[in-house]
Amino acid sequence: ASPMKTRMELAAKTKDEDKLYKRDGVLYSTILSPPETMDKLKDLEVRDDDVVLVAYPKCGFNWVVAVLRKIMNASTGKNEAPPERPPLVEFLPPDVQQTLSEMPSRRLLGTHLHPDNMPASFFSRKPKILVIFRNPKDTLVSYFHFMNKNPVLPSAEPWDKFYSDFMSGEVPWGSYFDHALAWEKLIDDPKVMIVMYEELKQNLPEEVKKISEFFGFPLTEEQVNSIAEQSTFRAMLETSNKSHGNLGSVFFRKGEVGDWKNLFSEDQSKQMDEVFHSKMAGTKLGAQMNT
Ligand code: A3P
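Residues numbered from 1 in each chain as written. Predicted model: local features only at pLDDT ≥ 70, side-chain atom pairs only at ≥ 80, totals over all residues. Heavy atoms only, no water.

1. With respect to the pattern of salt bridges
Applying the stated criterion to the full structure yields 13 salt bridges. For Glu 207, the salt bridge is made with Lys 210, and the minimal N-O distance between the two is 3.2 Å. Residue Glu 207 and its partner Lys 210 are both found in helix H10 (residues 204-215); the two are separated by three residues, about one turn of the helix. For Glu 207, a relative accessible area of 5% gives the class buried. Lys 210 sits in the partly exposed class, given a relative accessible area of 34%. (Salt bridge = Lys/Arg side-chain N within 4 Å of Asp/Glu carboxyl O. Helix = DSSP H or I, 4+ residues; strand = E, 2+ residues; numbered from the N terminus. Buried < 20%, exposed > 50% of the residue type's maximum accessible area, 1.4 Å probe, protein only.)

Next up, the structure:
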């Protein structure tokens, strides 16, 4: 059975209350990232030339994975991506982590983990790390729908409860704000590049160019434009429907900026603005986030 199928079967047998567990104060998926997988992760050997993508859940990780794969393929003419999809290291069972160590360079590695919980070699080595962020209101709304659609995760209903869980960091992979503040500390590191979901929406060709230059994959202007065209929400949804049927709808929902207005109450929006201000005021990352 494919790993995806096995996980779905496991999800069908698992009660909602058993779908998450806590490790070092952070919730994780029991099915995707069981303790054995997390334990083994600390041995992961990162290479200087790895292409590393980090994002808090629902900030556009899969979008940028698709963009990066196209960039790597166009530039090298080879398909260089880990065998599993999506390439989150915390999803790789211990034996697949082994396969990863045998993969030729350059590898594409991804994670939703907080930098403090990423395997140490991500920082003792010097790979370039691309970090994707998205305004917290849309991230929260996207997360709510995703939890409700993904059988591997518990339902997030009702909305008001999920809203407060997100605000207190009681959601899988932890607090959005903790992630943002941790990356703020690394924002001037030349090996780290932070890109906003909203910037990708606004000017995809420009961002494709920036990302390819950051990782050192030279592309022609034609290649940049072609990758951007193939990576719009509509284009990716069509490709996904062709190859995965319905499953695509778990990862593609609306792909818009500002959808939070359909779920947030006025009070919730005000509270989020206040929390955002108290945590992020005066930070460079906060200034990039259009809330
Ligand atoms: P919405 O739920 O707001 O639609 P992640 O990959 O980190 O889980 O993020 C998922 C979000 O990215 C979803 O947001 C999804 O629709 C959106 N997304 C996926 N592909 C996209 C694309 N090509 N363009 C814009 N948004 C995209």
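Having seen it, we continue.
2. Remarks on the side chain of Ser 231
The residue Ser 231 is located in the loop between helix H11 (221-230) and helix H12 (233-244) in this model. Exposure remark for Ser 231: the relative accessible area of 0% places this residue in the buried category. Dropping the residues within four chain positions of it, Ser 231 is found in contact with Trp 63, Val 67, Lys 70, Leu 204 and Met 236. (Contact = heavy atoms within 4.5 Å.)

3. Considering the site of the ligand
By nearness alone, 18 residues border the ligand, and Lys 58, Ser 142, Tyr 197, Lys 254 and Gly 255 come closest of all. Within the contact set of the ligand, an oxygen atom lies 2.7 Å away from a side-chain nitrogen or oxygen of Ser 142. One nitrogen or oxygen atom from the main chain of Gly 255 is found 2.7 Å from an oxygen atom belonging to the ligand. Burial of the ligand by the protein amounts to 98% of the accessible area it has alone, namely 570 Å². Counting residues per element, the ones that place at least two in the shell around the ligand are helix H3 (61-76) and H12. Ranked by the residues each element gives to the shell around the ligand, the list is headed by H3, at three residues. (Near = heavy atom within 4 Å. Polar contact = N/O pair within 3.5 Å; in protein donor to acceptor, adjacent residues only side chain to side chain. Areas by Shrake-Rupley, 256 points an atom, 1.4 Å probe, with all protein chains shown as cover.)

4. Brief notes about the pairing of strand E5 (residues 128-133)
Walk down a regular strand and you will see the side chains alternate between the two sheet faces. Counting buried residues along E5, five of its six residues qualify, which places the element largely inside the surrounding structure. In the sheet, strand E3 (residues 51-55) pairs with E5 via five bridges, with the strands oriented parallel. Bridging across to E5, Val 52 finds its partner in Ile 129. Judged from the five bridges that link them, E5 and strand E6 (residues 192-196) form a sheet pairing that is parallel. If you follow Val 131 over to E6, its bridge partner there is Ile 194. (Pairing = 2+ DSSP bridges.)

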